[in-house]
Amino acid sequence: MLMDFVTLRHGDTVIQNGANGGVGQAVIQICASMGVNTINVIRNRSNLSETIKKLQLLGANYVITEDMLQNEEMANLFKVVERPKLALNCVGGSSAGNLFCHLKDGSTMVTYGGMSRKPTPLPAKALIFKNIKICGFWMTQWKRNNLHDPTKLMTMVSDLTEMIRRGQLSEPSCTEVQFCDFSKALQATMDPYTNKHVLIMN
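Below you will find a few notes about this structure.

Rules used throughout
- Residues numbered from 1 in each chain as written.
- Predicted model: local features only at pLDDT ≥ 70, side-chain atom pairs only at ≥ 80, totals over all residues.
- Heavy atoms only, no water.
- Helix = DSSP H or I, 4+ residues; strand = E, 2+ residues; numbered from the N terminus.
- Rg over C-alpha atoms; globule rule 2.2 N^0.38 Å.
- Buried < 20%, exposed > 50% of the residue type's maximum accessible area, 1.4 Å probe, protein only.
- Contact = heavy atoms within 4.5 Å.
- Areas by Shrake-Rupley, 256 points an atom, 1.4 Å probe, with all protein chains shown as cover.
- Lys, Arg positive; Asp, Glu negative; His and termini not counted.
- Charge placed at Lys NZ, Arg CZ, Asp CG, Glu CD.
- Phe/Tyr/Trp six-rings, centres within 6.5 Å; stacked < 30°, edge-to-face > 60°.

**Thoughts on the overall build of the protein chain**
A count of helices and strands for the protein chain gives eight helices and eight strands. In terms of overall dimensions, the protein chain is globule-like: its C-alpha atoms have a radius of gyration of 18 Å, near the 17 Å expected for 202 residues. Principal axes of the C-alpha set define a box for the protein chain whose edges measure 55 × 45 × 30 Å. Looking at the 202 residues of the protein chain, the share that counts as buried comes to 36%. Within the protein chain, contacts between residues separated by at least 24 positions form 60% of all contacts whose residues are at least 6 apart in sequence. Split by element, the accessible area of the protein chain, about 12,000 Å² in all, is 56% carbon and sulfur. Side-chain charges of the protein chain comprise 21 positive and 16 negative groups, with the mean position of each set lying 4 Å from the other.

In structure tokens:
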């Protein structure tokens, strides 16, 4: 998603919603290694300051809430950082719609999820006057499209592996749960602000 749709250079900016998820955390770390700024949008929550600190430790330049995305603070933000040339959307609905007005002319939005289960609004102004491009991404289809060029997949895996070796890319935090306690893990899925739970089967 970071390489195929736009050419990112040092100092460019990426904006993403759902930034505290597994993909969002990876995006933060990969962008940090490239010298690319990230604006990371998350939902408001009781442990907001803790979540912001966690993402900043991964390399996030800016962490904002969905509410902040809609107020005047954004104008001040773009006095110190370039407007994004790439938006990554895993939420859809109003969360995705609010990203459009902050993108620079000719930028691209890539949708790879729809957690809100609501359609992504496409404002005519962004499409006509800012020439925003809309794309979708599905990893399975990406692999199918590149079956004829296995070196592309191997290069991606090699680059990510090297980042892991250098300590620039770590896995998202998870809570390990013994299989006999699976009901606790299932119950935790009802809380939108918990870690992912991994069942351990002996």
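**Examining the packing of aromatic side chains**
Enumeration over the complete set of coordinates arrives at two aromatic pairs. When the centroid spacing of 6.4 Å and the interplanar angle of 80° are considered together, the rings of Phe 5 and Phe 137 count as edge-to-face. Pair noted here: Phe 5 is in the segment before β1 (13-17) and Phe 137 is in the loop between β6 (133-136) and α6 (139-145), with a separation of 132 residues, a long-range link. Relative accessible area serves as the criterion here: at 27%, Phe 5 is assigned to the partly exposed category.

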